[in-house]
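What follows is the residue order along each chain.
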Amino acid sequence: MAIIIPKTELKIIKKHAAEIFPYEACGGLLGRLEGADKVIVKVYPAENRFGKIAWDSFEIEPKDMLEMDKISRKENLEIIGFYHSHPNHPAIPSSLDINASWPYYSYVILSVKGNGPENVVDVKSYLMPDKNSAPVSEDVVIG
Ligand SMILES: [Zn+2]
């Protein structure tokens with residue numbers, strides 16, 4: 001099982017994460033399930049409600065959630081998961097991430113060390129099946 005992210009969409013989320021640095025960027029991943037794989041078709045850079053408070057608190061603005069839902073329905077996609085950045089921290093889920101997660105979704109985390117997409121040093125994806133067990137990492141394939 002892998003999450004497949006097209007190069008063009010990866011570029012968008014890397015750019016977003018680098019631009020927002022040293023704050024935390026977040027957004028949605030819209031796509032389709034194909035067999036055991038998750039194919040991302042479109043990413044949606046969102047506004048972080050907690051954007052300038054901490055390096056690891058994110059919550060997507062409700063208006064962005066509604067918009068993602070609208071786009072998904074119109075384009076016959078579904079919300080596969082969410083991405084967010086970890087400025088100056090590794091791409092590993094924090095306890096806050098685990099606590100705030102929902103079981104169905106994929107969580108893509110980008111480790112960022114500075115402004116500029118070249119400073120996105122790592123991209124990982126995780127499933128967080130429940131709050132009491134360790135996140136399960138899933139393969140990220142650049143398509
Ligand atoms: Zn996080």
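As the structure is a prediction and not an experimental result, all values here were calculated from the model. (Residues numbered from 1 in each chain as written. Predicted model: local features only at pLDDT ≥ 70, side-chain atom pairs only at ≥ 80, totals over all residues. Heavy atoms only, no water.)

**Q** I would appreciate a short explanation of the side chain of D97 in the present structure.
**A** As for its placement among the helices and strands, D97 is situated in helix α3 (residues 95-100). No salt bridge forms around the buried D97; measuring N to O, its nearest opposite-charge neighbour K131 is 11 Å away. At 3.2 Å, the side chain of D97 forms a polar contact with the side chain of H84. (Helix = DSSP H or I, 4+ residues; strand = E, 2+ residues; numbered from the N terminus. Buried < 20%, exposed > 50% of the residue type's maximum accessible area, 1.4 Å probe, protein only. Lys, Arg positive; Asp, Glu negative; His and termini not counted. Salt bridge = Lys/Arg side-chain N within 4 Å of Asp/Glu carboxyl O. Polar contact = N/O pair within 3.5 Å; in protein donor to acceptor, adjacent residues only side chain to side chain.)

**Q** Explain the sheet that holds strand β2 (residues 26-34) to me, please; I cannot follow it from the model alone.
**A** In any sheet, the strands associate via hydrogen bonds between backbone groups, in a parallel or an antiparallel arrangement. The strand order β1-β3-β2-β4-β5-β6-β7 describes a closed barrel built from seven strands, whose pairing is mixed. Averaged over all pairs of adjacent strands, the angle between their axes in this sheet comes to 35°, without regard to strand direction. When strand β1 (residues 2-5) meets strand β7 (residues 136-142), the two strands line up parallel, connected through four bridges. Residue pairing across strands places I3 opposite V140, the latter belonging to β7. Those strands touched by helix α1 (residues 7-20) are β1, β2, β3 (37-46), β4 (78-87), β5 (106-112), β6 (120-127) and β7, and its axis lies near 35° from that of β3. Contacts from helix α2 (residues 62-74) reach β2, β3 and β4, with the element oriented near 135° to β3. (Pairing = 2+ DSSP bridges. Axes fitted to C-alpha atoms, helices over the stretch in contact; angles between N-to-C directions. Contact = heavy atoms within 4.5 Å.)

**Q** What is the right way to read the nonpolar core from this model?
**A** Across soluble globular proteins, nonpolar side chains have a tendency to be buried as a group. Ranked by size, the top nonpolar core spans 17 residues in total, and within it L30, I60, M68 and F82 carry the most contacts. Among the elements of the structure, β2, β3, α2, β4 and β5 are those that each provide at least two residues to this core. Contacts of F82, omitting those with residues within four sequence positions, involve G27, G28, L29, I60, M65, M68, W102, Y105, S106, Y107 and V108. Membership of the second largest hydrophobic core comes to 16 residues, among which are F21, V43, Y83 and V112. (Core = buried A, V, L, I, M, F, W, Y, C linked by side-chain atoms within 4.5 Å.)

**Q** Please clarify how the environment of S137 should be interpreted in this entry.
**A** Take S137: it is sitting in strand β7. It is 9.7 Å that separates the C-alpha atoms of S137 and V108, two residues lying 29 residues apart in sequence. Other than its neighbours up to four places away in sequence, S137 contacts S125 and Y126.

**Q** In this structure, what is going on with α1? I would like to understand it.
**A** Every α-helix carries 3.6 residues per turn, so stepping three or four residues along brings you back to the same face. Taking 1.5 Å as the rise per residue, α1 with 14 residues should run 20 Å; its terminal C-alpha atoms sit 20 Å apart, in good agreement. All buried positions along α1 are accounted for by E9, L10, I13, H16, A17 and A18. (Expected span 1.5 Å × (residues − 1).)

**Q** Sorry, what's going on with the packing of aromatic side chains here?
**A** The description of an aromatic ring pair uses the distance of the two centres, along with the angle that the planes make with each other. What the rule picks out here adds up to five aromatic pairs. When the ring of F82 is compared with that of Y107, the centres are 6.2 Å apart and the planes differ by 35°; the resulting orientation is tilted. Separated by 25 residues along the polypeptide, F82 in strand β4 and Y107 in strand β5 bring together distant segments of the chain. Taken as a pair, F82 and Y107 share a single burial class, namely buried. Aromatic rings pair up to connect F82, W102, Y104, Y105 and Y107 into one cluster. (Phe/Tyr/Trp six-rings, centres within 6.5 Å; stacked < 30°, edge-to-face > 60°.)

**Q** Could you clarify how one ought to interpret the pattern of salt bridges in this entry?
**A** Working definition: two side chains of opposite charge can pair if their charged atoms are close together. Enumeration over the complete set of coordinates arrives at eight salt bridges. With a closest N to O distance of 2.8 Å, D69 and R73 form a salt bridge. On the criterion of helical spacing, the pair formed by D69 and R73 is a turn pair, its members being four residues apart in helix α2. Accessibility expressed as a relative area gives 31% for D69, which makes it partly exposed. Connected via shared salt-bridge partners are E47, K63 and D64.

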